[in-house]
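Structural description and commentary
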Amino acid sequence: MSEPKIPIPLELEPDEKVILVGKRHWIELLQSSLVFLVIGVMTAAIALFRAAGGALLIMREGVTRPLTDPVNVALFTLLLILVALWARGESKKQRRKDTPWRNPDALYLVSIFALGLTIWFYSIGGELIVIDPTYSRAGDAINIVLSVTTLLMLAAVAYLYNDWRNDVLIVTDRRVIYDEETMFIRHVRQQILIDDIQQVNVRADTYQATLFRYGKIIIRSFSPRTLEFDFAARPREIEKAIMDQVRNLRRRREPDLLRALIEDQVYGNKQPQQSTPSVQVRTQRFPIPALYPPNPEIFPERIVWRPSWVYVLIQLLRPLGGFAMTMFVLAVLVQFNLIDGVTVTLLVFAALLFFGFWGWWIREALIHDNYVLTRTDIIDIDRRPLGPENTRRAQLSAIQNISFDVSFVERLLGLGTVVIETGGAAGGKFTFDHVPDPRGVQAMINDYLTDFRKHEKERQLQDAVALLKQYDLVQREHGEKMDRAAFEKAVEELVGRSIDKQSSNRRWSPSPNGAVSADVDAHLRRMARLARRRAAIRTLRERMRRRNHEQPS
C-alpha cells in the first residue's frame, strides 16, 4: 500500500512512514466563506441586472390595475396571512401577559405596511421589476463599484480556500504533525510524538457533524500540551490511526523495558540511564556578560531562568531618572547662586550613594529572582539582597496547566510571563515573570513534564523490582533460601550419608571372578549414588516449596 501524499513540505526522519493525512471538512470552508459568497453573488446579480437594463419601481403613465389582477390577488393573500399571524401573536401575548420584548411584533407591522404600499403602487400603474435594454447602465459608477466588490469577494473566497487547503493533520509511525498556514500572516506547526500521546478524543456533538461526518480531534499528551484539529473530515478514522500507532509502539517497548529493568536491577544492579529532554529554548545574553549572566543558564541537572535584562534596564530607569532629576535641580540652584560649591559636592555625592544603592538593589533583587526547572520539580526562588529568601517548590506531577501572558509592549521586547497552575499540596500558581521567549519556556516545561510522566511507569516497575529484591535478601537472611553453593553442599552430604548407610547394612558375598565382581560393584554404587542424589534434590525442593507456601502473605 502506497503512502499518502503530503500536500506540504515536510522533512521525514529515516525510516519514518506516513500513515494518514487528515484534512478539514468542506463544511468549514463553507461556513468561513458563506458571507463573502452571498455578498459576491448579490453584487454580481445586481450588476448584471442593471447592465441588462433592469429597474425597480417604475411608474407607467395612464395605467391602472384592478384589485382582481393576479399579482394584486397574490400580494393581498400574503397580506391577510401576515395580519392573521400578527393578530394571533397579540392574543397569545395578552393571555400570557408577556412583556413586549418577549413577543415582538414590529417585524409583522413593517411587513404588513410594506405589502400595503406595494399593492397600492402596483394598482396605480407601477412596475415592481422592469427589464428594458434602453435603461442599460453597464458602465456607470454604481456598476463599477458593484463589479469591484464582486471581485473582492471572490478574492476573499479564494484566500479562504487556500487557507482551508493548507491545514492538515499528518499521522506517521513516530509523531502527529498539525500544520496550519495562513497566507501572508502566520505559519504554525505543532507536533506530538507518538510516545507522548496519552489519549485521543473526538467531539462530534451536533446533528450536522454526525450527518456530514466531521468533528473535532483533541490529542492530549502526558503534559498539559494539547493539539486540536477542528472540522476534521473522517475523524474516527484519524483517531483509529493514531491510537493504532500508540498501541503498537507501547506493545513493542513494554517487554523490552521490563526485561532491561530485571537485567539491570536484579543481575547487574545498574540504574537505567534516562536521557534528558533536549533544550530548545533561546539563550538571551547581555552585551556585557560580566554584568548579567546568560538567560537561561543551562546546567546538567537544571535550567535556571530569571527576568530579562531588558526588563532590568527598564526598572533601572527609575533610579537613573531620579539621579538625572536631582542633577537638574542642583544645576538650576547653582545657576541662580542659591547654594555654594561645597553643598553641591555633598549633595551630588549623597545622590550618587542613594541612587547607586537603589540601582544595585534592583539589579540584585531581579538577578536572584530565579525560576528553576529540574527533571522532577519546578522551583521559584525569590532571594532579596543581603539575605532574605523565599522558596516555593512543586513536583512536575502537580502541574495542571501552563500558559503565558504577553502584552503588546512585551511582545515587541521579546519577553513575557509564564503562569504554571499546580494542584495538590503545592496548589497555587507559579509565575515566571518577564522571562525572555515565554513560548519557548512553556514548551521546555512541557517537554520536561512529558518526560517525567512517561517515566512514571518505569519508576513504578523499578520500585516493584527493588521490593522483590529486598524480599529475596530478607528470605536468605532468615534461612528460608539457600544459595547455589550451600544447596549443592547439602545435597552432597545427604547423598553421602545415604550411600554409606546402605553400604554398611549390605553384606557382599565373595565372587569367583574378582575383576567382574569389582566392576559390577562399582557400577552399582555409582547408579545408587545418582539415584539417591536425584531423590534428595527432589525432597529439598519439595520442602522449600512447602515452606514458601506456609509463609504469611
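Everything in this summary refers to the structure shown in the same document. (Residues numbered from 1 in each chain as written. Predicted model: local features only at pLDDT ≥ 70, side-chain atom pairs only at ≥ 80, totals over all residues. Heavy atoms only, no water.)

With omega at 5°, the peptide bond leading from Asn295 into Pro296 counts as cis. Mapped onto the secondary structure, Pro296 falls in the loop between α6 (235-268) and β10 (297-298). If you check the backbone angles, Phe231 has positive phi at about 55° while not being a glycine. Topologically, Phe231 is positioned in strand β9 (residues 226-233). (Helix = DSSP H or I, 4+ residues; strand = E, 2+ residues; numbered from the N terminus.)

Further remarks concern the environment of His187. Positionally, His187 belongs in strand β6 (residues 186-193). Judged by relative accessible area, His187 falls into the partly exposed class, the value being 47%. (Buried < 20%, exposed > 50% of the residue type's maximum accessible area, 1.4 Å probe, protein only.)

With antiparallel pairing, the three strands of this open sheet are ordered in space as β7-β8-β9. For this open sheet the edge positions go to β7 (197-203) and β9, each flanked by a neighbour on one side alone. Each strand of the sheet is rotated relative to its neighbour by a mean of 15°, with strand direction disregarded. Across six bridges, the pairing between β7 and strand β8 (residues 214-221) is antiparallel. Each residue of the ladder has a partner; that of Arg203, found in β8, is Lys216. (Pairing = 2+ DSSP bridges. Axes fitted to C-alpha atoms, helices over the stretch in contact; angles between N-to-C directions.)

Within the secondary structure, Glu239 sits in helix α6. Taking the C-alpha atoms as reference points, Glu239 and Asn201, 38 residues apart in sequence, are found 7.4 Å from one another. Excluding residues within four positions of it along the chain, Glu239 makes contact with Val200 and Val202. (Contact = heavy atoms within 4.5 Å.)

What follows deals with the nonpolar core. The biggest cluster of nonpolar side chains holds 21 residues, and the ones touching the most others in it are Leu169, Ile197, Ile217, Ile219 and Ile242. For this core, the secondary structure elements donating two or more residues are β4 (168-172), β5 (175-182), β7, β8, β9 and α6. For Ile217, the residues in contact, after removing those within four places along its chain, are Leu169, Val200, Asn201, Val202, Leu227, Glu228, Phe229, Ala232, Pro235 and Ile238. Core analysis: the second largest hydrophobic core is formed by 20 residues, Ile303, Tyr371, Phe432 and Ile445 among them. (Core = buried A, V, L, I, M, F, W, Y, C linked by side-chain atoms within 4.5 Å.)

For the coordinates displayed, the defined rule picks out 13 salt bridges. Here Lys240 and Asp244 are joined by a salt bridge, their closest N and O atoms 3.0 Å apart. Here the residue Lys240 and the residue Asp244 both occupy positions in helix α6, the gap between them amounting to four residues, near one helical turn. Among the residues examined, Asp244 registers a relative accessible area of 23% and is labelled partly exposed. One salt bridge connects Glu389 with Arg383, and the closest N-O pair in it is separated by 3.0 Å. The exposure class assigned to Arg383 is partly exposed, which follows from its relative accessible area of 27%. Residues joined in a network through salt bridges with shared partners are Lys240, Asp244 and Arg247. (Salt bridge = Lys/Arg side-chain N within 4 Å of Asp/Glu carboxyl O.)

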